[in-house]
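# Close look at the chain arrangement
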There are 2 protein chains.
Amino acid sequence: MNHSTTRRNVLRGTAATAALAAAAARIEAAYAAPHGGGTGPNIGILLYDGYSLLDPTGPAEVLSRLPDATVTMIAEKRGAVRTDTGDVAVVAERSIAEVDRLDVLLVPGAGNRGTIGAMNNEALLRWIRRMHRHTQWTTSVCTGSIVLAAAGLLDGREATTYWASADYLQSTFNVTYLPQRYVRSGKIITAAGVSAGVDMALYLVSLIADDDTAKAIQLAVEYDPHPPFDSGNASDASPELKQRALQLLAASQI
Amino acid sequence: MNHSTTRRNVLRGTAATAALAAAAARIEAAYAAPHGGGTGPNIGILLYDGYSLLDPTGPAEVLSRLPDATVTMIAEKRGAVRTDTGDVAVVAERSIAEVDRLDVLLVPGAGNRGTIGAMNNEALLRWIRRMHRHTQWTTSVCTGSIVLAAAGLLDGREATTYWASADYLQSTFNVTYLPQRYVRSGKIITAAGVSAGVDMALYLVSLIADDDTAKAIQLAVEYDPHPPFDSGNASDASPELKQRALQLLAASQI
């Protein structure tokens, strides 16, 4: 090992760009401040027991690159919140009681247990409704749209959700399901399942900032997707593949 | 709100498939057991200060759906480990001292500070080398390949990394950079930046299980990517866009 790491930058040009970026950040903070408080957008992501890990973390990765953005993981109580598999926990830095206003609210999806838990949690639903009154954007990923619907926010609207939950969403609420990667209805944006949150977050960046910023963030996270297979769209999937997908999900969840 | 949630399933067919899945899991555990211990693969993801959130969480989402898989977040010490932005923390459930063997090791990438920190952490590098002796697959996302290289695992190999770190990887180590989404070299698989970990994880599922399982997991996480822009490939990006991407990254990191 003959690498000298103390004097080098792993990312080409980082030293130079850091100075530029700091200057740019000061300028943006001074002039733009479109999201209140003189800084960038205040983005809150709601965690609840049994969420799917990528639902909050994919958008968080993208949205955290917005100039001066603050991304806060929020839950009913502060502390570690476990995913649907029970294996992984992300820390909620704030409780819902500590958060009065958000520029952007994101509600992730969950497995069956987690989604139903959130739908039946009146304290969470009340907080979602309260945040929504003042948000610039209220968003969801996967079955998070079902939680938004349970909070009464999607009445009469078009929305998307996890492919296997589309019938449930339409039959339970006054919502028109659209099989799209994300759906905007007024200031509400719903994304399809799990990984669709990344696409939605880039769209959201283009709305909050501009297309050039969204394109730069896409490059920053090297989002040039090339999955080894082309099996992610439920409308092209065989009944057997759908069944196998739901089996694997169910078996992985606690 | 007239939804009745206690008797319904949000995901169509979940109740039926759960029983099937449990039976299938028992059969697989009894017959297959290719990864030791009579259960599925033991997958460890190394967290270290300053990692990029999506690097570990994207693959964790995918790999956690492998039948009977255990995904464990591991760090030098147990507890919350913060990302490059400082906003978000994932819990390390085990310390490196508590983990002797892994079927799959995944090393995520980080910003400049985090990557250099990991490269200079001899305890981490020793542990990576020790795990690698017995892994079935040793993998990385983004600048995680630079950490693998610092541990001496990539000598004379082909690998990929974050686009802005390719020159550093090649000039510092005896490694040939390939501008691919992921690169396999023996039992080592390196992925490109951040979001490439999701593509790599699906490929890894196809190697550990089979193509049909990978396709089903891709559907399970609805990975049918449709970003609103097509700017994620550095080889197509203008110098201005690259500069802007690195500015946004640097400004978001602590």
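Residues numbered from 1 in each chain as written. Chains lettered and ligands numbered in written order. Predicted model: local features only at pLDDT ≥ 70, side-chain atom pairs only at ≥ 80, totals over all residues. Heavy atoms only, no water.

Looking up chain A in an unreviewed UniProt entry gives the name DJ-1/PfpI family protein, with the organism given as Streptomyces cinereospinus.

With that settled, the discussion passes to the packing of helix H7 (residues 196-208) of chain A against helix H8 (residues 211-220) of chain A. Residue and element names in this part refer to chain A. Packing of H7 against H8 brings their axes to within 7 Å, and their N-to-C directions diverge by 145 degrees. The crossing of H7 and H8 is right-handed. Residue-level contacts link Leu202, Val205 and Ser206 of H7 to Asp211, Thr213, Ala214, Ile217 and Gln218 of H8. Residue classes in the contact of H7 with H8 are distributed as 4 nonpolar, 3 polar and 1 charged. (Axes fitted to C-alpha atoms, helices over the stretch in contact; angles between N-to-C directions. Helix = DSSP H or I, 4+ residues; strand = E, 2+ residues; numbered from the N terminus. Left-handed = near helix turned anticlockwise from the far one by under 90°. Contact = heavy atoms within 4.5 Å. Nonpolar A, V, L, I, M, F, W, Y, C, P; charged D, E, K, R; others polar.)

Moving on, we come to the sheet that holds strand E7 (residues 137-140) of chain B. Within a sheet, each strand pairs with its neighbour through backbone hydrogen bonds, oriented either parallel or antiparallel. Residues and elements named next belong to chain B. Reading across from one edge, E5-E2-E1-E6-E7-E11-E10 is the order of the 7 strands in this open sheet, with mixed pairing throughout. Sheet topology places strand E5 (94-95) and strand E10 (182-185) at the edges, where each strand pairs with a single neighbour. Docked against the sheet, helix H2 (residues 54-63) engages strand E1 (42-46), strand E2 (70-75) and strand E6 (104-107), running at close to 160 degrees with respect to E2. (Pairing = 2+ DSSP bridges.)

Here we take up the interface of chain A and chain B. Facing the 110 residues of chain A at the interface are 109 residues of chain B. Summed over both sides, the interface between chain A and chain B buries roughly 9600 Å², with carbon and sulfur atoms accounting for 59% of that surface. A per-residue breakdown of the area chain A buries against chain B is headed by Val10, Leu219 and Glu222 of chain A, which together make up 9% of the total. For the interface between chain A and chain B, the tally reads 4 salt bridges. With a closest N to O distance of 3.1 Å, arginine 82 of chain B and glutamate 93 of chain A form a salt bridge. Here the residues of the side of chain A that touches chain B sort into 53 nonpolar, 36 polar and 21 charged. (Buried area = accessible area lost by both parts, 1.4 Å probe. Salt bridge = Lys/Arg side-chain N within 4 Å of Asp/Glu carboxyl O.)

Mapped onto this numbering, the UniProt entry gives "domain: DJ-1/PfpI" (unreviewed entry) at residues 43-205 of chain A. Between the C-alpha atoms that bound residues 43-205 of chain A the distance is 12 Å, and the span itself is 34% helix and 26% strand. (UniProt positions renumbered as here; feature names shortened; annotations may be inferred.)

What follows is about the pairing of strand E4 (residues 89-92) of chain A. Taken residue by residue, a regular strand's side chains alternate between the two faces of the sheet. All names here are of chain A. Judged by which residues are buried, E4 turns out to be covered on both faces: Ala89 and Val91 on one side and Val90 and Ala92 on the other are all buried. Inspection of the sheet shows strand E3 (residues 79-82) paired to E4 by 4 bridges, in the antiparallel sense. Considered in E4, the bridge of alanine 80 is made with valine 91. Hairpin connection, E3 to E4: the antiparallel pair is bridged by 6 residues, and glycine 86 has positive phi, about 80 degrees. (Buried < 20%, exposed > 50% of the residue type's maximum accessible area, 1.4 Å probe, protein only.)

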